[in-house]
Amino acid sequence: MNNNSNNKEIIFAEERQQIILDLIKKKKKVTVPELMDYFKVSGATIRNDLRELEKARLLIRTHGGAMLNTKAGFELTTRHREVQNIKEKQIIATLAKDLVENGDTIILDTGTTVYEFAKQLGEKRNITAVVNDLEIARYLEEFTNINLIFLGGTIRKHFHCTVGPAGIRMLSELTVDKAFLGVNGLSLTKGATTPDIIQAETKKAMIAAANKVILLCDSSKIGKNSFAQFAKVHELDMVITDAIDENMKKDFEMAGVEIITP
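To continue, consider the side chain of K249. Looking at the secondary structure, you find K249 in helix α10 (residues 246–254). One buried charged side chain, K249, makes no salt bridge at all; its nearest oppositely charged neighbour is E253, positioned 4.2 Å away.

Set out below in structure tokens:
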């Protein structure tokens, strides 16, 4: 493995660990010697990085290296999801913006794709947004044209959002025009899925409160299943994605789901 950078600039541990995750995502597995050569650091430094990433359930350590965590319950933290597929998420966000009309009441789910979508809402007028994501709430509170309602509940550590009965009760008393939801896996057989069963219950309540359900799903998640289902295919009105196989698109459309692509 060759280091793409010829300079000797020192990088922080968090930056190095993010690069390790990116490498494992591409190669499926890496060895300690490969990483030592790539970063020009000691084996002890690399093994410490791998221990930290394993504690966060971001990879599985093996003898002499590490491999991708592909378990159904696996979920990257918000910090590690922020840099993944960012261009695709921005494309999806731009498409989603066009579905919001002035005067709409909307639900914004948690997640980095939905966060990119939230950034597009500043030009809209008289929007009421119901959110459970702390970062999205902090961003939207700056806009006088957006009436912001924050759902209560328990903070989900490392994911910057609220879940649980308090928010679900609040959602049960609301009716909104549209719900924009994030997702970890989307398939014809299992529908929309997420690794956390408590998160799934909050998403179900968002769906129940909305007249139209819109899923923001980058192409890397299509055809995959995660642990907990929060929506069957027929419960989705629309899926916005950056790309999709033509045959799969037809199958979703046959099931009554509108697919929006660039």
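For the rest of this paragraph, the subject is unusual backbone geometry. Most peptide bonds are trans, and most residues other than glycine sit at a negative phi. Positioned with a positive phi, K28 is a non-glycine residue whose angle comes to about 75°. Relative to the helices and strands, K28 is located in the loop between α1 (13–27) and β1 (29–31). The backbone phi angle of K40 is positive, close to 60°, even though this residue is not glycine. Residue placement: K40 occurs in the loop between α2 (32–39) and α3 (43–55). Accessibility expressed as a relative area gives 60% for K40, which makes it exposed.

Structurally, L59 is set in strand β2 (residues 59–62). Remark: the alpha-carbon pair of L59 and K29, spanning 30 residues in sequence, is separated by 9.4 Å.

Each value, and the rule that gives it
- Residues numbered from 1 in each chain as written.
- Predicted model: local features only at pLDDT ≥ 70, side-chain atom pairs only at ≥ 80, totals over all residues.
- Heavy atoms only, no water.
- Helix = DSSP H or I, 4+ residues; strand = E, 2+ residues; numbered from the N terminus.
- Buried < 20%, exposed > 50% of the residue type's maximum accessible area, 1.4 Å probe, protein only.
- Lys, Arg positive; Asp, Glu negative; His and termini not counted.
- Salt bridge = Lys/Arg side-chain N within 4 Å of Asp/Glu carboxyl O.

Shape descriptors only; they carry no functional weight alone.
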